[in-house]
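Each chain is listed here by its residues.
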Amino acid sequence: MCGIVGYIGNKKATPILLNGLSQLEYRGYDSAGISTIEKDKISLMKDKGRVKNLYDLTGIDSLEGTVGIAHTRWATHGKPSKENSHPHMDNSNTFSVVHNGIIENYNELRAFLTDKGYNFLSETDSEVIPNLIHYYYQKENKKEKGSFLTAFKNACLDLKGSFSIAGICLDFPDNMIVVRKDSPLVIGNSETENYISSDIPAILSFTKKFYFLNDLEFAVLYRDNIVFFDKNLSIIHKECQNISWNASSAEKNGFDDYMLKEIYEQPTAIRETIGFRLQEDGTCNLDELNFSKPYLSLINQIYIIACGTAMHAGLAGKVCIEKLCKIPTQVDIASEFRYRDPLIDTSTLCIFISQSGETADTIAALKLARSKGAKTIAISNVIGSSITREADYCIYTHAGPEIAVASTKAYTSQIVLLNILAIHLAEILETQDPKIISNLKKEILQLPKKIEETLKCSEVIKSFAKTVYSEKDMFFLGRGIDETVAREASLKLKEISYIHSESYPAGELKHGPIALIENGVTVIGILTDSTLVEKSISNIQEVITRGAKTLIITNQNIENSMFDLVVKIPQTSPFISPILSVVPMQLFAYYISKEKGLDVDKPRNLAKSVTVE
Ligand code: M6R
């Protein structure tokens, strides 16, 4: 996730761009850069580090340009460095471009352009874009009206993946061109100047009038006009919308709290985590790992080690790893693992999951595993975090910064990544029927759309939350993979609503916990596994008989009448069903917390990153 901002008008662009970048820093902050059109050249100033470093770059104060683009980066391809920072320019220094997203076919495009004589200065996927624009520009009649747009459009239609892109061209000093696909970009409009940004808040102090592009729509920005095009370059009409947010709601993109914003960001987060790793043609790619079949054949056990929500993601990961790779897999809590002298050796593969990458127990557990000779993989959301530096291998979720203490989008993107890892290992080991793997890949690719569909349950969950928010205890039940979601749902509720809750495997209830069920107590059942649904329903009937109020989250066709509320979610592969079934549970905890008037984003006694033991 990166931040983009751009300006075209009559004022000096640089101060406006720097201001916008500071507000976009939550989207990424490992490097930043800025390009403006000056008298006879495009200036390019960029560096590793925070946006504030740009203020110290020699010459930045003397930039006079009134057209410019800028970027703050969250590294995906290539480490944080000056070379890998945006903007990127083509070899002839005619075009400067900023990009947010992932270009899945950049290797192919880079090889094509290298063959045509282009050089690359960075390790990024993004640097192919300005060079590809230049390639098409050369083929067209340069400098003719419309040729920048045609070249820009041709280049963008060659890109696979997600992108929002803004470009400027030395030969067209009064234009800026933008496009988006599966990646955010808004256009802010005022009479004599126009703005672009990855989100509304960064430019809200300049204008309240906004245009929103659909996928593969292009906009050419002039100082006093904006022209919109579809992907065939036919002119289209777009309605301008007035945004009436105040400053504090703006920071959260219009949401009341970061947690709600992050719940709603899950389709994008999952899309970015899948990125180039899983492609429509079925290719599964985990370049970060270089495991061979002989090495993997020696692995006789896998450990997944983490804390809290990350550990719950590990529980879901265990199911797919065991089923696809046929390797016994255990999930352990890092603070337990580190002190119990676990039986691991060079035939053990240990996977450590941590959103922040700074959790003290997880880091200590990782060091222990390494000292015993196990190979270690870190799964983290934060580039360059401690866990990623300690592990032998590192794979990143690309969920974007998670600010609310209660983890939401990190959990779902961790499960996606664990499934992709399981597929990758199973393909090397040839341990699963290719048809099952191929079906899972298709289901993973459909997840962003299905999460969007699931989010539609928000209002009905909100109403139910209003009826139960003052209760003292709640119970979450499930079997198989649904039991792992029950644990996560129970943790979410405790964390932000301070209601005591327990999660149980549904079949375990009668062995003791059912004694706690009394008239009016709320029991939530998660029922997505078709092979276990009947059994879970029987267990839930047992609590209904004892007076429980029930909420059911399911993708099965069940008889609704015996439950107080049934929330239907889309069907998917059982391996990834937690990614959908957890969404109503996140919303449930959120709305209960709101109803109680609590601080959702900063619950009492908790910290986002637990860097102490
Ligand atoms: O940064 P990490 O993923 O290592 O954090 C682990 C837990 O502290 C974290 O998941 C915690 O349980 C969250 N507050 C859950 O919402």
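Here the structure is shown first, and the text comes after it.
Our subject in this report is the structure included herewith. (Residues numbered from 1 in each chain as written. Predicted model: local features only at pLDDT ≥ 70, side-chain atom pairs only at ≥ 80, totals over all residues. Heavy atoms only, no water.)

Two elements in contact, helix α9 (residues 308–325) and helix α16 (residues 481–497), have axes whose closest approach is 9 Å; the angle formed by their N-to-C orientations is 170°. One element, α9, and the other, α16, form an angle in the roughly antiparallel class. Where α9 approaches α16, its residues Gly308, Thr309, His312, Leu315, Ala316 and Val319 are matched on the opposing element by Ile481, Thr484, Arg487, Glu488, Leu491 and Lys492. Residues belonging to the contact of α9 with α16 are distributed by class as follows: five nonpolar, four polar and three charged. (Axes fitted to C-alpha atoms, helices over the stretch in contact; angles between N-to-C directions. Helix = DSSP H or I, 4+ residues; strand = E, 2+ residues; numbered from the N terminus. Parallel < 35°, antiparallel > 145°, perpendicular 65-115°, else oblique. Contact = heavy atoms within 4.5 Å. Nonpolar A, V, L, I, M, F, W, Y, C, P; charged D, E, K, R; others polar.)

Right, let's talk about empty space enclosed by the protein for a bit. The final tally for this structure, using the stated rule, is one cavity of 30 Å³ or more. In this structure, the largest cavity occupies an estimated 70 Å³ of space. Residue lining of the largest cavity: 13 residues in total, with Cys2, Arg73, Thr76, His86 and Ser126 positioned closest to the centre. For the lining of the largest cavity, the elements supplying multiple residues, two or more each, are β4 (67–73) and β6 (95–103). Split by residue class, the lining of the largest cavity holds three nonpolar, eight polar and two charged. (1 Å grid on protein atoms, 1.4 Å probe; cavity = no way out; pocket = protein on both sides within 12 Å on 5 of 7 lines; lining within 4 Å. Points joined across faces, edges and corners; volume = space filled by probe spheres on them.)

Attention now goes to the site of the ligand. Surveying the vicinity of the ligand reveals 14 residues, the closest of which are Ser354, Gln355, Ser356, Thr359 and Glu495. One of the side-chain N or O atoms of Ser356 is found 2.6 Å from an oxygen atom in the ligand. Contact with the protein chains covers 91% of the free accessible surface of the ligand, which is 410 Å². If you list the elements that add at least two residues to the shell around the ligand, you get α9 and α16. Per-element tally for the shell around the ligand: the top contributor is α9, with three residues. (Near = heavy atom within 4 Å. Polar contact = N/O pair within 3.5 Å; in protein donor to acceptor, adjacent residues only side chain to side chain. Areas by Shrake-Rupley, 256 points an atom, 1.4 Å probe, with all protein chains shown as cover.)

It is worth spelling out the nonpolar core at this point. Judged by nonpolar contacts, the single largest core of 90 residues is most densely connected at Phe291, Ile351, Ile444 and Phe588. No other element matches the 13 residues that helix α13 (residues 409–429) contributes to this core. Two domains each provide a minimum of three residues to this core, namely domain 2 (253–445) and domain 3 (455–595). Once residues within four sequence positions are removed from consideration, Phe291 is found in contact with Leu296, Leu349, Ile377, Tyr393, Leu425 and Ile428. Within the second largest apolar cluster, 33 residues are counted, among which are Val97, Tyr137, Leu149 and Ile177. (Core = buried A, V, L, I, M, F, W, Y, C linked by side-chain atoms within 4.5 Å. Buried < 20%, exposed > 50% of the residue type's maximum accessible area, 1.4 Å probe, protein only. Domains from an automatic or database assignment.)

On to the sheet that holds strand β15 (residues 241–242), then. In space, the eight strands of this open sheet follow the order β3-β2-β4-β1-β10-β9-β11-β15, with antiparallel pairing throughout. In this open sheet, the two edge strands, each paired with only one partner strand, are β3 (42–48) and β15. Direction of pairing for strand β9 (residues 186–190) relative to strand β11 (residues 209–212): antiparallel, over a ladder of three bridges. Within the sheet, the bridge partner assigned to Ile187 lies in β11 and is Tyr211. Along the sheet face, helix α1 (residues 13–24) touches β1 (3–8), β2 (31–37), β4 and β10 (193–197) and points at about 155° away from the line of β1. (Pairing = 2+ DSSP bridges.)

Moving on: the packing of aromatic side chains. The geometry of an aromatic ring pair is captured by two quantities: the separation of the ring centres and the angle between the planes. The final tally for this structure, using the stated rule, is 17 aromatic pairs. The interplanar angle of 65° and the centroid separation of 5.4 Å between the aromatic rings of Tyr303 and Phe337 together place this pair among those described as edge-to-face. Remark: Phe337 occurs in helix α10 (residues 334–337) and Tyr303 occurs in strand β16 (residues 301–306); sequence separation between them is 34 residues. An identical accessibility class is assigned to Tyr303 and Phe337; each is buried. Aromatic rings pair up to connect Phe95, Tyr137, Phe148, Phe152, Phe172 and Phe218 into one cluster. Across the ring face of Tyr498, the terminal group of Arg604 is positioned such that the distance to the ring centre comes to 3.8 Å. (Phe/Tyr/Trp six-rings, centres within 6.5 Å; stacked < 30°, edge-to-face > 60°. Lys NZ or Arg CZ within 6 Å of the ring centre and 35° of its normal.)

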